[in-house]
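# Topology and contacts: notes
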Amino acid sequence: MYFLALHTIKGMPDKPRATRPLPLANRRLLPCSSTFGSGLLNASTTMRYFIFLLSLAVFPALMGCGGTESGPAPATPPPPASGLSSTQLENGVGPISTLELTPAIDAALAAQGEEIFTTKCSACHKFDIRYVGPPLGEVLATRSPAFVMNMMLNPAEMLEKHPEVKAMLAQFATPMPNQNLTQDDARAVLEYIRAHQNSAPNSAE
Ligand code: HEC
C-alpha cells in the first residue's frame, strides 16, 4: 500500500506532461506512466478498502470498550469504611450490645436518672435546644437505647470509631467526656431521657 502510494506521488508530475507530445526518450516511460495511472486507481481503491476494513475492525473494538465500561454495576455496595458491623452502627460501640425497653416508663428509675442528668449532663445537654452538645428531646427517634447507653458509658471509643458520632464531633467541636457512670446510673439516665422524648406518649413531665 505504502509502496503504491509512493509511486502515485512520484507519478503525479508525469501526468500533465503526458498530454503534450513526449520527446522520444520519454516515450518509453509512457507505458510506465499509464501503469502509474492504474497504480493511482489501485491505490485509492485499496486505500478505501483499507479504511473500510479498518472501520470494521475499529468500530466493534470501540463498542467493545464501551461495553465493558458501561457494564453492569457491582451488585453489592462497598463495605462501610468504618469497619463496624451493622449492629455496631445501630447500637454503638461499648459494653451494651443490645437493649430492649419495656413499653411503660419506670417513673422511679426516671427520677433517679434526673438527679444524675442534672449533675452530669445538663451543663451540656438540653432537651429542646442545641447547647454544648445536641438536644436530647428526640434522640431516641434516631438512636437505639443501646446507642445512647454506649454514648454515656464509652464516649471516647464512640467518638473514635462510630462514623455518625465522628460527624457530630465535627459539628459540635467538643468531645463528650466520660462521666464515669455505672451501667445502673446510665440505665436510670436513659429512663429519664426516655420520659422526656417529645414524641413519648406517656411523658413523665
Ligand atoms: C462537656 C459537655 C458534655 C457533657 C457533660 C455530656 N455530653 Fe453528651 N455530648 C456532648 C457533645 C459535644 C456531643 C456530640 C458529640 C461530640 O462532639 O462528642 C454529645 C453527644 C451525646 C449523645 C449523642 C446524641 C445523638 O444525637 O446521637 C448523647 C446520647 C449524649 N451526649 C448524652 C449525654 C448524657 C446522658 C450525658 C450525661 C451523662 C452527657 N451526654 C454529658 C457533650 C457533652
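Refer to the preceding data block for the structure.
Quick look at the structure, then. (Residues numbered from 1 in each chain as written. Predicted model: local features only at pLDDT ≥ 70, side-chain atom pairs only at ≥ 80, totals over all residues.)

### Comments concerning the overall build of the protein
- Across its full length, the protein holds 11 helices and zero strands.
- When the helices and strands of the protein are read in sequence order from the N terminus, they spell out α-α-α-α-α-α-α-α-α-α-α.
- Going through the 205 residues of the protein one by one, you find that 20% of them count as buried.
- Sequence-distant contacts in the protein: of pairs separated by 6 or more residues, those separated by 24 or more amount to 73%. (Helix = DSSP H or I, 4+ residues; strand = E, 2+ residues; numbered from the N terminus. Buried ≥ 20, exposed ≤ 12 C-beta atoms within 10 Å, placed from the backbone. Contact = placed C-beta atoms within 7 Å.)

### Overview of the site of the ligand
- Lining the immediate environment of the ligand, one finds 26 residues, of which Cys 121, Cys 124, Gly 133, Phe 172 and Met 176 sit closest.
- Secondary structure elements with two or more residues in the shell around the ligand: helix H8 (145-153) and helix H10 (163-172).
- With four residues, H10 is the single largest residue contributor to the shell around the ligand.
- Of the residues contributing to the shell around the ligand, the split by class is 20 nonpolar, four polar and two charged. (Near = placed C-beta within 6 Å. Nonpolar A, V, L, I, M, F, W, Y, C, P; charged D, E, K, R; others polar.)

### Overview of unusual backbone geometry
- The phi torsion at Ala 173 lies on the positive side, around 60 degrees, for a residue other than glycine.
- Residue class for Ala 173 comes out exposed when judged on the 8 C-beta atoms lying within 10 Å of it.
- One non-glycine residue, Asn 180, lies in positive phi territory at about 50 degrees.
- For Asn 180, the location among the structural elements is in the loop between H10 and helix H11 (183-195).

### Remarks on the environment of Tyr 131
- Of note, Tyr 131 is situated in the loop between helix H6 (107-120) and helix H7 (139-142).
- Classification of Tyr 131 by C-beta neighbours within 10 Å gives partly exposed; the count is 15.
- The spacing of Tyr 131 and Phe 172 is 41 residues in sequence and 9.1 Å in space, taken between C-alpha atoms.
- With residues up to four places along the chain from it excluded, the contact list for Tyr 131 reads Cys 124, His 125 and Lys 126.

### Focus: the nonpolar core
- Val 148, Met 149, Met 152, Val 189, Tyr 192 and Ile 193 are the most contacted members of the largest nonpolar core, which totals 25 residues.
- Counting residues per element, the ones that place at least two in this core are H6, H7, H8 and H11.
- The contact partners of Tyr 192, leaving out residues within four places of it in the chain, are Ala 110, Gly 113, Glu 114 and Phe 117. (Core = buried A, V, L, I, M, F, W, Y, C linked by C-beta atoms within 7 Å.)

### Comments concerning H8
- Within H8, nine of the nine residues are buried, which leaves it mostly tucked inside the rest of the structure.
- Buried residues of H8: Pro 145, Ala 146, Phe 147, Val 148, Met 149, Asn 150, Met 151, Met 152 and Leu 153, and no others.
- Of the surrounding secondary structure, the elements contacted by the buried residues of H8 are helix H5 (86-91), H7, helix H9 (155-161) and H11.

### Quick word on the packing of H6 against H11
- Two numbers describe how H6 lies on H11: the axes approach to 7 Å, and their chain directions differ by 100 degrees. By the criterion of interaxial angle, the relationship of H6 to H11 is roughly perpendicular. Listed contacts from H11 to Leu 109, Ala 110, Gln 112, Gly 113, Glu 114, Ile 116 and Phe 117 of H6 are Asp 185, Ala 188, Val 189, Leu 190, Glu 191, Tyr 192 and Ala 195.
- Of the residues that constitute the contact of H6 with H11, the class distribution is nine nonpolar, two polar and three charged. (Axes fitted to C-alpha atoms, helices over the stretch in contact; angles between N-to-C directions. Parallel < 35°, antiparallel > 145°, perpendicular 65-115°, else oblique.)

This is a description of form; function is not addressed.
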